[in-house]
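# Topology and contacts: notes
Here is what each chain is made of, one letter per residue.
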Amino acid sequence: MNFKTHVLSLFIFLLVIPFFTEAQTRDVLTLRDGWKFSKGSYPTAQTTNYDDSQWENVTVPHDWAIYGPFDKEVDKQTVAIEQNGEKIASEKTGRTGALPYIGEAWYRTSFSLPNYDDNKKVLIVFEGAMSEPEIYLNDEKVGEWKYGYSYFYFDISDYINAKEKNTLAVKLNNLGLSSRWYPGAGLYRKVQVIVKDKASIDQWGTFITTPLITSEVAQVNVKTQVSGENLRLVTDILDADGKTLISNETKTLFGHQFEQNIAVKNPKLWSPETPYLYTAISRLYSGNELIDQITKRFGIRHIKYEANKGFSLNGEVRKFKGVCLHHDLGPIGTAVNKSALRRQLRILKDMGCDAIRSSHNMPSIEQLELCDEMGFMFLAESFDEWALPKVKNGYNRFFDEYAEKDIINLVHATRNHPSIVMWSSGNEVPDQWGTEGVKRAKWLQDIFHREDPTRPVTVGMDQVKATMASGFGAIMDIPGLNYRVHLYDEAHEKFPQGFILGSETASTVSSRGIYKFPVEKASMKQYDDFQSSSYDLEYCSWSNVPDDDFVLQDDKPWVIGEFVWTGFDYLGEPTPYDESWPSRSSYFGINDLAGLPKDRYYLYRSRWNTTDETLHMLPHWNWEGREGQTTPVFVYTSYNSAELFLNGKSLGIQKKTKETPQNRYRLMWMDVKYEPGTLKVVVFDKDGKAVSEKEIKTAGKPHQIILDSEVKTIKANGEDLAYVTVSVEDKYGIPCPTATHQLKFKVKGKGTYRAACNGDATSLELFHLPTMKLFSGKLVVLVQSTNEEGSMELSVTGKGLKTGKATLKTKRASD
């Protein structure tokens, strides 16, 4: 496909699901339990007989740094952040989360392969190892990789002990000045050993596309790379209920590749609203002997990008309502956990979000699987650096040797996910300047096209003027602008593609439940408590407030959507307090680090969620000492007008207008004088009829702890998490929004305490210890299942407060 045209027609399809022991064909061993871990330098730790009995017992995925402690001196960087427009270097504390990710560490485990023989091939697959992993098996070095976010594998057949245990050792090393955010540390994604015949389907060897889709039929094209000769391949297509729709067999090999074209009648198309997934089962035979089998799920959908019209999915024009996500999961760090990812996506789905950008690195396979299932489009990013550095020890050290290999692995491992609608080869790279950067951009884009000709490529560009002058922006399939709202019109005029993507937008900052006076728009505003105001009018030197992006999205048909920075707060990058200890995590999130929605969540929801009512009022109404002072009230709602009442007295009707961007998307009463009592808002439909209302009341003295679990039953697999929101109410059941009590947590039964988080970017309390202070009246406790069915009880206590308790069930269930 020629991506230089202004119309890009793209078609996709599928997702490889994890499987365990495909009958008669291959064994897949996930190395989760039985690991030994120690941080430090151990020159002989790769040897089989090394004594690791005093090392820590851990499970993988594992992030060694999340357990702290927070320390101002960890990775303290004296730099001028060029992306932020800084000219003079200053001391940055907390930029990478102030957690101890730096240093060398080792993991060791052992495994047996009872089905191994000389006709087998054995692979070891790592989906992420932070960072610079060196892999040893049975005293021998198997290989190494560099990029901590990359998937990679090695053929370890020649290193296997067939009749004995095999000893695996992994050395990792993280340098300081290697990241701009908290990168995590360790084997933070899963590790698997695959045993199969030498004649078999290659790792990541299947590529499914749908080059033709009509309402009557979809052409499903399946390309399968194999090793071996005189083979035949049979592929069955099943619907979502498991019913076989069609089977196709081929014996024709083109080199080492089979190609099948399979007609699926009356196809059900994948979209965020209807994420329908089919199943494909491919069986490889030698004669009549089944020698390999792989099961996949896949979706059928059609995407198109058109000049001056924008993006369409399955023939319908739409705009990306997306968010950027860093890879950490708050209080559990970077260790991948599917239930934690599912919770994030569930929260975003309710907001009306339909797209995710993996910022600024390869996504986890689990995240992509969930996006396929739950209905999110995906922008899969690769690098934050190319050849020129942002940080001294970043990816620039490896770019020349590893960039092509890392892109190939990214594309091959993930290209079959229907959720992925474009690739990104970089973010705000310094290489945007000059001809060498243009050459690098084209080289990387050509690799993506070679490996996957069905999707376009973007780069998040912040040096927009430079990319106009050099031609950098003109060669990209999708010109992505990071912020720079004042340059959208000029970029649209000068770039040839005919559309612009807001690849990174807003960077508004706020702290959940914190409000500052007077209420005014401000850039890089700082306060003595190192918090930012939740009136959602504060932003950074390079960015803007959400309403500015809304105007572009609504008024410019050639703007194809946005990816807001960010969906959730993340560890590190505490702008505007990156020079202020103890700030150690971001303020950018629509949701805080605990996953609790900030007020801004409801501003986006009022515009993005077009099926459910949104009605949210701010601030809280506990302002002892502000009696008679101006305390503006904002309402975020899907309705266009509302009337505000304070203690029964009308404060007038406000309507959304185009007078300013804020008036267009918010209802604001700027002159309210605070008095305790009841604040009520009544909203009206387009005919002026009152259709809904909401109240906020002044709370009394904190009295009791309230627990609210987002789920009541979790899987008894030793991994599943339940997130329990803890809040405090007065004796009348009114929430206490300013409570800061120190609470303690205890779990008994078939579960364990995992972590807690209160969303305070300045808190130095450790997540894994069973005590934490409330922040703005709330925090979240994470409890984890064991491998036994039953029930668990979480109890939360605090001085002077009635104890809160919650019971959850654990049940065995297939994933």
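Everything discussed here concerns the structure shown above.
Owing to the predicted nature of the structure, the values given are computational and were not obtained by experimental measurement.

## Describing the overall build of the chain
Helix and strand content of the chain: ten helices and 49 strands. The globule rule puts the C-alpha radius of gyration for 815 residues at 28 Å, and the 27 Å found for the chain is close to it. Projected onto its principal axes, the C-alpha positions of the chain cover 85 × 60 × 55 Å. Counting all 815 residues of the chain, 64% fall into the buried class. Once local pairs closer than 6 in sequence are excluded, the contacts in the chain between residues at least 24 apart make up 71%. Total accessible area on the chain stands at roughly 30,200 Å², and carbon and sulfur atoms take up 48% of it. Across the chain, the mean location of the 97 positive side-chain charges is 3 Å away from that of the 106 negative side-chain charges.

## Re the pattern of salt bridges
According to the stated counting rule, one finds 49 salt bridges in the structure shown. As a salt-bridge pair, D384 and K390 come within 2.8 Å of each other at their nearest N and O atoms. Taking the relative accessible area as the measure of exposure, K390 reaches 16% and is therefore buried. In this structure, E436 and K439 form a salt bridge, with 3.5 Å as the shortest nitrogen-oxygen distance. Taken together, the positions of E436 and K439, both in helix α4 (residues 434-451) and three residues apart, correspond to about one turn of that helix.

## Looking at the pairing of strand β15 (residues 217-227)
Across eight bridges, strand β14 (residues 200-213) lies against β15 in antiparallel orientation. Looking across to β15, one finds that S200 is bridged to S227. A loop of three residues connects β14 with β15, the two strands running antiparallel in sequence. Two elements, β15 and strand β19 (residues 257-265), share nine bridges in a ladder whose sense is antiparallel. Across the sheet, the residue bridging to T224 is F258, located in β19.

## Notes on the sheet that holds strand β46 (residues 771-773)
What the five strands build is an open sheet, ordered β42-β49-β48-β44-β46; its pairing is mixed. For this open sheet the edge positions go to β42 (713-715) and β46, each flanked by a neighbour on one side alone. Taking the axes of each pair of neighbouring strands and ignoring which way they run, one obtains an average angle of 30 degrees across the sheet.

## Observations concerning the packing of aromatic side chains
Under the definition given, this model contains 47 aromatic pairs. Ring centres 5.4 Å apart and planes at 75 degrees place the aromatic pair W145 and Y402 in the edge-to-face group. Here W145, found in the loop between β10 (140-144) and β11 (152-155), pairs with Y402, found in helix α3 (residues 399-414); they are 257 residues apart in sequence, far enough to count as distant. Of the two residues examined, W145 and Y402, each falls in the buried class. With a centroid separation of 6.0 Å and an interplanar angle of 25 degrees, the aromatic rings of W386 and F472 are classed as stacked. One end of the pair, W386, is in the loop between β26 (377-381) and α3; the other, F472, is in helix α6 (residues 472-475), with 86 residues separating them in the sequence. Across the pair, exposure class does not vary: W386 and F472 are buried alike. Between K516 and the ring centre of Y527, over which it is positioned, the NZ or CZ distance is 5.0 Å.

## Quick notes on the packing of helix α8 (residues 546-555) against helix α9 (residues 599-608)
At their nearest, the axes of α8 and α9 sit 12 Å apart, and the two run at 15 degrees to each other. With respect to their mutual orientation, α8 and α9 come out roughly parallel. Relative to α9, the crossing made by α8 is right-handed. Mapping the contact onto sequence places P546, F550, Q553 and D554 in α8 and R600, L603, Y604 and R607 in α9. Grouping the constituent residues of the contact of α8 with α9 by class yields four nonpolar, one polar and three charged.

## Notes on the side chain of S580
Relative to the assigned elements, S580 resides in the loop between β33 (559-565) and α9. For S580, a relative accessible area of 11% gives the class buried. In contact with S580, other than residues within four places in its own chain, are T93 and F530.

## Observations concerning the packing of helix α1 (residues 338-351) against α9
It is at 8 Å that the axes of α1 and α9 come closest, and there the two elements cross at 55 degrees. Considering the angle they form, α1 stands oblique to α9. On the side of α1, the interface is formed by I347, D350 and M351, while α9 contributes Y601, Y604, R605 and W608.

## Quick look at α3
With 16 residues, α3 should reach 22 Å at 1.5 Å per residue; the first-to-last C-alpha distance of 21 Å fits that figure. For α3, the complete set of buried residues consists of F399, Y402, A403, D406, I407, N409, L410, V411, A413 and T414.

## Observations concerning α4
Note that an α-helix has 3.6 residues per turn; residues three or four places apart therefore point the same way. For α4, which comprises 18 residues, the first-to-last C-alpha distance of 27 Å matches the rise-based estimate of 26 Å (1.5 Å per residue) to within 8%. Every buried residue of α4 is accounted for by G437, V438, R440, A441, L444, Q445, I447, F448, H449 and E451.

## What about the sheet that holds strand β8 (residues 120-126)?
The strand order across the open sheet formed by four strands is β2-β13-β8-β11, and the pairing between neighbours is antiparallel. Across the chains shown, the open sheet's two edge strands, defined by having one partner strand only, are β2 (27-30) and β11. Neighbour to neighbour, the strand axes of the sheet diverge by 20 degrees on average, direction disregarded.

## What to know about the environment of S131
On the secondary structure map, S131 appears in the loop between β8 and β9 (134-137). Considered as a pair, S131 and L175 are 44 residues apart in the sequence and their alpha carbons are 8.8 Å apart. Ignoring anything within four residues of it in the chain, the contact list for S131 reads K146, G148, L172, N173 and N174. Polar side-chain contacts of S131 include one of 2.6 Å to the side chain of N174.

## Some thoughts on the pairing of strand β24 (residues 320-325)
Within β24, five of the six residues are buried, leaving the element largely enclosed by the surrounding structure. Pairing analysis gives four bridges linking β24 to strand β25 (residues 355-358), with the strands arranged parallel. Along β25, the bridge assignment pairs G322 with A355. In this region the chain leaves β24, passes through α1 and returns to the parallel neighbour β25; the handedness of that crossover is right-handed.

## Quick notes on the state of the cysteines
On inspection of all chains with the given rule, the structure shows zero disulfides. Take C353: it sits in no disulfide, and the sulfur closest to it among the cysteines is that of C371, at 8.7 Å. Classification of C353 as buried rests on a relative accessible area of 2%.

## Notes on unusual backbone geometry
Note the cis peptide between V60 and P61, where omega equals 15 degrees. Examined against the element boundaries, P61 turns out to sit in the loop between β4 (56-58) and β5 (77-79). Along the chain, M130 connects to S131 via a cis peptide bond; the corresponding omega equals -5 degrees. Not every positive phi belongs to a glycine, and D536 is a case in point at roughly 60 degrees. Although it is not a glycine, E573 sits at a positive phi angle of roughly 45 degrees.

What counts as what
- Residues numbered from 1 in each chain as written.
- Predicted model: local features only at pLDDT ≥ 70, side-chain atom pairs only at ≥ 80, totals over all residues.
- Heavy atoms only, no water.
- Helix = DSSP H or I, 4+ residues; strand = E, 2+ residues; numbered from the N terminus.
- Rg over C-alpha atoms; globule rule 2.2 N^0.38 Å.
- Buried < 20%, exposed > 50% of the residue type's maximum accessible area, 1.4 Å probe, protein only.
- Contact = heavy atoms within 4.5 Å.
- Areas by Shrake-Rupley, 256 points an atom, 1.4 Å probe, with all protein chains shown as cover.
- Lys, Arg positive; Asp, Glu negative; His and termini not counted.
- Charge placed at Lys NZ, Arg CZ, Asp CG, Glu CD.
- Salt bridge = Lys/Arg side-chain N within 4 Å of Asp/Glu carboxyl O.
- Pairing = 2+ DSSP bridges.
- Axes fitted to C-alpha atoms, helices over the stretch in contact; angles between N-to-C directions.
- Phe/Tyr/Trp six-rings, centres within 6.5 Å; stacked < 30°, edge-to-face > 60°.
- Lys NZ or Arg CZ within 6 Å of the ring centre and 35° of its normal.
- Parallel < 35°, antiparallel > 145°, perpendicular 65-115°, else oblique.
- Left-handed = near helix turned anticlockwise from the far one by under 90°.
- Nonpolar A, V, L, I, M, F, W, Y, C, P; charged D, E, K, R; others polar.
- Expected span 1.5 Å × (residues − 1).
- Polar contact = N/O pair within 3.5 Å; in protein donor to acceptor, adjacent residues only side chain to side chain.
- Right-handed = clockwise from strand over helix to strand, strands pointing away.
- Disulfide = S-S within 2.5 Å.

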